[in-house]
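Each chain, written out:
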Amino acid sequence: MPTSFPPGFVWGAATAAYQVEGAVHEDGRTPSIWDTFCRTPGKVLNGDTGDTATDHYHRRAEDVRLMSELGLGAYRFSVSWPRVQPTGKGAASRSGLDFYRRLVDDLLAHGIKPVLTLYHWDLPQELETAGGWPARDTAHRFADYAELVARALGDRVDSWATLNEPWCSAFLGYAAGIHAPGRTDDAAALRAAHHLNLAHGLGARALRATLPRGARIAVVLNPNAVRARTTSPGDLDAQRRIDALSTRIFTGPMLRGAYPADLIADTAGITDWSFVHDGDTSVIKHPLDWLGINYYAPSVVSATTDNHPSPAPSPYPGAQSVTFHQPPGPRTAMDWTVDPTGLHDLLMRFTHEAPGLPLAVSENGAAYDDTVDARGAVRDPDRIAYLHGHFDAVLRALGDGADVWGYFVWSLMDNFEWAYGYSKRFGIVYVDYSTLARTPKASAGWYRDVIRAGRVLPVPTG
Ligand code: FCB
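Residues numbered from 1 in each chain as written. Predicted model: local features only at pLDDT ≥ 70, side-chain atom pairs only at ≥ 80, totals over all residues. Heavy atoms only, no water.

Asks: Hey, could you run me through the overall build of the protein chain in this one?
Replies: Secondary structure assignment for the protein chain yields 15 helices and 13 strands. For the C-alpha atoms alone, the extent of the protein chain along its principal axes is close to 60 × 50 × 45 Å. Here the protein chain holds 462 residues, and 60% of them are scored as buried. For the protein chain, the proportion of contacts with a sequence separation of at least 24, taken over those separated by at least 6, is 77%. In the structure as shown, the protein chain presents an accessible area of about 17,000 Å², 52% of it carried by carbon and sulfur atoms. (Helix = DSSP H or I, 4+ residues; strand = E, 2+ residues; numbered from the N terminus. Buried < 20%, exposed > 50% of the residue type's maximum accessible area, 1.4 Å probe, protein only. Contact = heavy atoms within 4.5 Å. Areas by Shrake-Rupley, 256 points an atom, 1.4 Å probe, with all protein chains shown as cover.)

Shown next as structure tokens:
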């Protein structure tokens, strides 16, 4: 295993528009599905909303300075669709785009590489009202939006991702209903997954046609590091089903140009897949320049042995025969198991499945119940230990032949954690939500030192 990261390895941090920007009513922005969802009673913890979030929209310059002090080489952010194209169609909002122009200019002035994600879950509400992702037209609307952003920022951003974690958009949003828009309709969720795939393909095509040569186009997925509890045929079949419904439903068409036959068979009782039109999968298989992998924790599954499946709507349509188990090991404040071997497994999986395709760890990190001590410091040794383990996993994958160009910690700062509101702190920078003051946590200082050294440093003791 190498002891240091290759020269040129990119160290960054990630955020997403709705989780940090705030300013939801400014400069002509219209509501997204998350503004609506937050206002639906019982959907988001404590009734929290992204109205102010961390006020990044107004504190952009200060935040970029902070990134520079931390020595970050890159910043992965997302563009808010309803901010730059308020009705989800037609002309761009000049002032909306100006925010991102200024952000990118500030980043470049500090030598920080902008990595832009077009869609991190904030669909314009008007498009949801017109049918949302289960409607095919939304994919075409996305391609128009992609072109409009590429025209505005293509001269200064060279790393682009179409979608962030389409699995969450489709299945948490339309099957489990725990993310916006909060629908619980398995057939609609599978249609949504296909239209997200199509949006990716059409969007990538629009980006390629609009961006200067040399632009690097990607998609960011959250492939599931799913393990079978035992090697019994039933448990292995449970693993296969969940792998199809969480990962291969995207990588099948994107990397190979076809939906997996087992996925179509498994879901035959829900849909006949007639929403996949001739030619769609070749659009979806648009050549990629890199693939973003978001990883937090593995899953463990078995065949269901009792006859009492959970009454809550599941994000896995048709997989009532599968039971999820808590994997062994320490847990974060999300109750997610800390297990860096899942990251190594995924990096090696895509090294083998997509030879020659450069990979990035586009999100990885952990929430803990951080507090500010009497001296104003935030000590977060658990987060440092989490990052340490995952950096080691990346190094190990590099040694095993994976082509990983960068790592983005989730997140630069504490922010709006979707249905958990502000209760979960993922940042390496602490945000005091009453003053919006930013305080780098101990992990931020440790990360800065790792970046400087280019190798994994020991976890500080004491
Ligand atoms: C990922 C999301 C990101 C953040 C982290 C914790 O699924 O992409 O916005 O919420 O989880």
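Asks: Can you help me understand the pairing of strand β11 (residues 404-410) in this one?
Replies: It is a general feature of regular strands that their side chains alternate between the two faces of the sheet. Among the seven residues of β11, seven are classified as buried, and the element is accordingly described as predominantly covered. In this structure, strand β1 (residues 10-14) lies alongside β11, joined through five bridges in parallel fashion. Note on β11: the bridge partner recorded for G12 is F408. Direction of pairing for strand β10 (residues 359-364) relative to β11: parallel, over a ladder of four bridges. (Pairing = 2+ DSSP bridges.)

Asks: Even after reading the chapter, I still don't get the site of the ligand, so can you show me in this structure?
Replies: All residues in the neighbourhood of the ligand are listed as Q19, H120, W121, N164, E165, Y296, E363, W410, E417, W418 and F426. At a separation of 3.0 Å, an oxygen atom of the ligand approaches a polar side-chain atom of E363. Taking E417, its side chain carries an N or O atom lying 2.8 Å from an oxygen atom of the ligand. In the complex, 95% of the free accessible area of the ligand, which totals 300 Å², lies under the protein chains. (Near = heavy atom within 4 Å. Polar contact = N/O pair within 3.5 Å; in protein donor to acceptor, adjacent residues only side chain to side chain.)

Asks: Explain the pattern of salt bridges here, please?
Replies: One side chain can pair with another of opposite charge once the charged atoms of both are near each other. Counting across every chain of the model gives 37 salt bridges. The salt bridge partner of R29 is D35, with a shortest N-O separation of 2.9 Å. Of the two residues, R29 and D35, neither departs from the other in class, the shared state being buried. Between D345 and R227 there is a salt bridge, and its shortest N-O distance comes to 3.0 Å. Within this pair, whereas D345 is found in helix α13 (residues 341-353), its partner R227 is found in strand β6 (residues 226-228), the two being separated by 118 residues in sequence. (Salt bridge = Lys/Arg side-chain N within 4 Å of Asp/Glu carboxyl O.)

Asks: For this particular structure, what's the right way to read the environment of P7?
Replies: For P7, the location among the structural elements is in the segment before β1. The exposure class of P7 is exposed, given its relative accessible area of 84%. Taking C-alpha positions, P7 is 9.9 Å from W405, a pair spaced 398 residues apart along the chain.

Asks: For this particular structure, what's the right way to read helix α5 (residues 94-109)?
Replies: The periodicity of an α-helix, 3.6 residues per turn, causes residues three or four positions apart to be oriented the same way. With 16 residues, α5 extends 22 Å between its outermost C-alpha atoms, agreeing within 8% with the 22 Å of an ideal straight helix rising 1.5 Å per residue. All buried positions along α5 are accounted for by G96, L97, F99, Y100, L103, V104, D106 and L107. The inward-facing, buried residues of α5 abut α1 (17-20), α3 (56-69), β2 (74-78), α4 (81-84), β3 (113-119) and α7 (137-153). (Expected span 1.5 Å × (residues − 1).)

Asks: Is there a simple way to think about unusual backbone geometry in this case?
Replies: Phi is mostly negative for residues that are not glycine, and the peptide bonds are mostly trans. The omega torsion of the bond from A180 to P181 falls at 5 degrees, within 30 degrees of zero and hence cis. Its place among the elements puts P181 in the loop between α8 (166-174) and α9 (186-210). Cis geometry marks the peptide bond from W410 to S411, where omega comes out at 15 degrees. Within the secondary structure, S411 sits in the loop between β11 and β12 (429-431). Look at W121: it is not a glycine, yet its phi comes out positive at around 85 degrees.

Asks: Please explain α8 as it appears in this structure.
Replies: Along α8, nine of the nine residues are buried, which leaves the element largely enclosed by surrounding structure. The set of residues buried in α8 consists of P166, W167, C168, S169, A170, F171, L172, G173 and Y174. At its buried positions, α8 is contacted by β3, α6 (125-129), β4 (159-164), α9, β5 (216-221) and α10 (233-256).

Asks: Before we go on, may I ask you to explain the environment of L45 in this structure?
Replies: Relative to the helices and strands, L45 is located in the loop between α2 (33-38) and α3. The exposure class of L45 is partly exposed, given its relative accessible area of 39%. In the structure, L45 is positioned 319 residues away from N364 in sequence and 23 Å away in space, judged by C-alpha atoms. Ignoring any residue separated from it by four or fewer positions in sequence, one finds L45 in contact with A419, Y420, G421 and S423.

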